[in-house]
Amino acid sequence: MANDPGNLNPVLRAASRGDLPDLARFIQGYYRFEGIPFDLYRMERGLVPLLDREDLGRIWLVDINDTTVGYLVLCFGYSIEKGGRDAMVDEFFIDANYRRRGIGRRVLEQIVAEARTLGIVSVFLEVDRNNEAAQKLYASAGFKARDKYLLMAMDCT
């Protein structure tokens, strides 16, 4: 129950292909929240390789008291500047009923600890410039803005 004041400690569960329906539901919620067009084919094309190949990254579902409340996707890269393997929090979403309760910060702490065990030297993420709540969350978890740099992208498809 979302309003249960009991144990709100998130448990990360590695996602598998069997979790695609839950992942799709949360991804649709995240995309709706961020105003990103949702394309089921593109989502599956992006998720399935991550579920099948651990060298590309990891996907976790976030459980609270045996209820799945969100997900996080960590994709691997490499950085000369940082001196080794890095990772990007590609997507992170917690159901609105569970926000502002410290769950997101605890998930990020667990993800950074997991990244360290995987040999990751730096974790990056992007956040909407207008999403002050998310910016505060990420800052509380130890992430710092790189104001000197602007993240830029170009689709190649």
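Shown above is the structure to which this text applies.
Residues numbered from 1 in each chain as written. Predicted model: local features only at pLDDT ≥ 70, side-chain atom pairs only at ≥ 80, totals over all residues. Heavy atoms only, no water.

## Focus on the nonpolar core
What counts is decided by this rule: The term nonpolar core refers to a set of buried residues drawn from Ala, Val, Leu, Ile, Met, Phe, Trp, Tyr and Cys, joined through side-chain atoms within 4.5 Å. The buried label goes to any residue with under 20% of its type's maximum accessible area, the exposed label to any with over 50%, and the partly exposed label to all in between, with areas taken from a 1.4 Å probe on protein chains only. We count a stretch as a helix when DSSP gives it H or I for four or more residues in a row; a strand needs E for two or more, and each element gets its number in order from the N terminus. By the convention used here, residues are in contact when the closest approach between their heavy atoms is within 4.5 Å.
Grouped together as the largest cluster of nonpolar side chains are 25 residues, with contacts concentrated most on Leu-72, Leu-74, Phe-92 and Val-107. Contributions of two or more residues to this core are made by strand E2 (57-64), strand E3 (67-79), strand E4 (84-94), helix H3 (103-117) and helix H4 (132-140). Here this core takes 5 residues from H3, the largest share from any one element. Residues contacting Leu-74, with those up to four places away along its chain left out, are Leu-56, Gly-57, Arg-58, Trp-60, Ala-87, Met-88, Val-89, Ile-111, Ala-115 and Val-123. If you look at the next biggest cluster of nonpolar residues, it comprises 18 residues, including Ala-15, Leu-23, Leu-50 and Leu-51.

## So, the environment of Glu-34
With respect to the helices and strands, Glu-34 occurs in helix H1 (residues 20-34). A residue is classified by how much of its surface remains accessible, and Glu-34, at 26% relative accessible area, is partly exposed. For Glu-34 and Asp-128, which are 94 residues apart along the polypeptide, the C-alpha to C-alpha distance reads 8.3 Å.

## A look at the pairing of E3
Our working rule: When DSSP locates at least two bridges between a pair of strands, those strands are taken to pair.
Where E2 and E3 come together, 8 bridges link them in antiparallel fashion. Following the sheet pairing, Val-62 is matched in E3 by Gly-70. The turn linking E2 back onto E3 is made up of 2 residues, and Asn-65 within it adopts a positive phi angle of 45°. In the sheet, E3 pairs with E4 via 10 bridges, with the strands oriented antiparallel. Residue Cys-75 lies in a different strand from E4, and its bridge partner there is Met-88. In textbook terms, the turn of a hairpin is the stretch between consecutive antiparallel strands, and for E3 and E4 this stretch comprises 4 residues, one of which, Gly-83, has a positive phi near 85°.

## Some remarks on the pattern of salt bridges
We count it as follows: Any Lys or Arg side-chain nitrogen located within 4 Å of an Asp or Glu carboxyl oxygen qualifies as a salt bridge.
Summed over all chains, the structure comprises 8 salt bridges. The salt bridge partner of Asp-22 is Arg-25, with a shortest N-O separation of 3.1 Å. Note that Asp-22 and Arg-25 are positioned in helix H1 at a spacing of 3 residues, about one turn of the helix. Between Asp-55 and Arg-53 there is a salt bridge, and its shortest N-O distance comes to 2.7 Å. With relative accessibility at 47%, the residue Asp-55 sits in the partly exposed group. Since its relative accessible area comes to 43%, Arg-53 is described here as partly exposed.

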